[in-house]
Amino acid sequence: MAIVNRTPDSFHDRGSTFALDRALERVAQASAEGADWIDIGGVPFAPGPEVSAAEEIDRVLPVVTAARDLAVVSVDTFRPEVARAVIAAGAGVINDTSGLRDPAMADAVAGTDAQLVITHSLAAPRTPWPSPQYQDVTAEVGAFLRQRVELALSRGVRADQIIIDPGHDLNKNTHHTLDVTRRLDEIAAIGYPLLAAVSNKDFIGETLDAAQQDRLSGTLAAVVFCIMRGARIVRVHDVAASVDAVRMTEAMLGWREPVYTRHNI
């Protein structure tokens, strides 16, 4: 899952694809580099200024239209009205990093062919949550996801529409995120396809003492580890390197044949 943000304040790309032409270039590049999904965002989850629903729709709709014939289109939003608009425009996935804080998000997806990513987080979108505390972070993340899945099902979302995401770094410190990653198989055991959004995040930077733009090797290690622990979708900024890492991991697990075999033949 490639990341294309039409935002001026995203934590990693810092507005590099905020301009529409740059966003469309990134969509084409991500597709050419092997992305299966393209995740389009108009408002970051992290604290920041208010962006209206109308402005969010204006930001993401042209990118959805451009991407829908190239890959599965996902839209990162916490607003039901945005979800309805982008599904009507051809988006196949709604990536709700608020974890159904607004249950109407489930209503927006129910009865459609779109899938719904339910993510663990604590704070309302765009608001801080300083010094998060957990007794057993992985168990609590799992309990949250199970509860929100039940909420989605109760509002008409089909089981085959649901994807879960433990929310790496969302309202979690580095120790929390490392624990969730180490025990990711416990989250996968909930029984729904598992998305891992680890790309260039602070838990990698703090673990390696790596600046924001120097986290690719750590990201690739995290991507491979998460696959080994049950992730089946990985959300990344650096598509080409991540595709190579994923395909190599798949081959070693026996899920993918080599492109060719000449060595010692």
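Up top you'll find the structure we're talking about.
If you're wondering where the values come from, they're calculated on a predicted model, not measured in any experiment. (Residues numbered from 1 in each chain as written. Predicted model: local features only at pLDDT ≥ 70, side-chain atom pairs only at ≥ 80, totals over all residues. Heavy atoms only, no water.)

Participant: I'd like a rundown of the environment of alanine 197, residues and numbers included.
Facilitator: Within the secondary structure, alanine 197 sits in the loop between strand E7 (195-196) and helix H8 (202-208). Residues alanine 197 and valine 223 lie 26 residues apart in sequence; the distance between their C-alpha atoms is 8.6 Å. (Helix = DSSP H or I, 4+ residues; strand = E, 2+ residues; numbered from the N terminus.)

Participant: An account of the packing of helix H5 (residues 137-154) against helix H6 (residues 174-182) is needed here, citing residue identities and associated values.
Facilitator: One way to put it is that H5 packs onto H6 with a least axis distance of 8 Å and a crossing angle of 70°. The angle between the axes of H5 and H6 places the two elements in the roughly perpendicular class. In this structure, H5 uses Val137, Thr138 and Val141 to contact H6, whose residues at the interface are His176, Asp179 and Val180. When grouped by side-chain class, the residues that make up the contact of H5 with H6 number 3 nonpolar, 2 polar and 1 charged. (Axes fitted to C-alpha atoms, helices over the stretch in contact; angles between N-to-C directions. Parallel < 35°, antiparallel > 145°, perpendicular 65-115°, else oblique. Contact = heavy atoms within 4.5 Å. Nonpolar A, V, L, I, M, F, W, Y, C, P; charged D, E, K, R; others polar.)

Participant: Can you lay out a nonpolar patch on the surface for me, pointing to particular residues and giving the numbers?
Facilitator: On the surface, Met228, Leu253 and Trp255 cluster together into a nonpolar patch covering about 310 Å² of accessible area. Tracing the backbone shows leucine 253 in the segment after helix H10 (239-252). The class of leucine 253 is partly exposed, set by a relative accessible area of 33%. (Patch = residues over 30% accessible without salt bridge, like charges linked within 9 Å, V, L, I, M, F, W, Y side chains within 5 Å. Areas by Shrake-Rupley, 256 points an atom, 1.4 Å probe, with all protein chains shown as cover. Salt bridge = Lys/Arg side-chain N within 4 Å of Asp/Glu carboxyl O. Buried < 20%, exposed > 50% of the residue type's maximum accessible area, 1.4 Å probe, protein only.)

Participant: Tell me what's going on with H10, and back it up with residues and numbers.
Facilitator: Counted at 1.5 Å a residue, the expected span for H10 with its 14 residues is 20 Å, and the 20 Å between its end C-alpha atoms agrees. Contacts made by the buried residues of H10 are with strand E1 (2-5), helix H1 (20-32), helix H9 (216-228) and strand E8 (233-234). Looking one or two residues beyond H10, the residue adopting positive phi is glycine 254, at roughly 85°. (Expected span 1.5 Å × (residues − 1).)

Participant: How would you sum up the packing of aromatic side chains? Please name residues and give values.
Facilitator: As enumerated under the stated definition, the model contains 0 aromatic pairs in all. One residue, arginine 262, lies across the ring of tyrosine 260, its end atom 4.2 Å from the ring centre. (Phe/Tyr/Trp six-rings, centres within 6.5 Å; stacked < 30°, edge-to-face > 60°. Lys NZ or Arg CZ within 6 Å of the ring centre and 35° of its normal.)

Participant: Describe the pattern of salt bridges, and please don't skip the residues or the numbers.
Facilitator: With the rule as written, the count across this model stands at 14 salt bridges. Between glutamate 50 and arginine 79 there is a salt bridge, with its nearest N and O atoms 3.0 Å apart. With glutamate 50 in the loop between strand E2 (37-41) and helix H2 (53-67) and arginine 79 in the loop between strand E3 (72-76) and helix H3 (80-88), this pair connects stretches of sequence that are 29 residues apart. Judged by relative accessible area, glutamate 50 falls into the exposed class, the value being 67%. Residue class for arginine 79 comes out buried when judged on its relative accessible area of 11%. Each of Asp136, Asp179, Arg182, Arg183 and Glu186 takes part in salt bridges that share partners, so that together they form one network.

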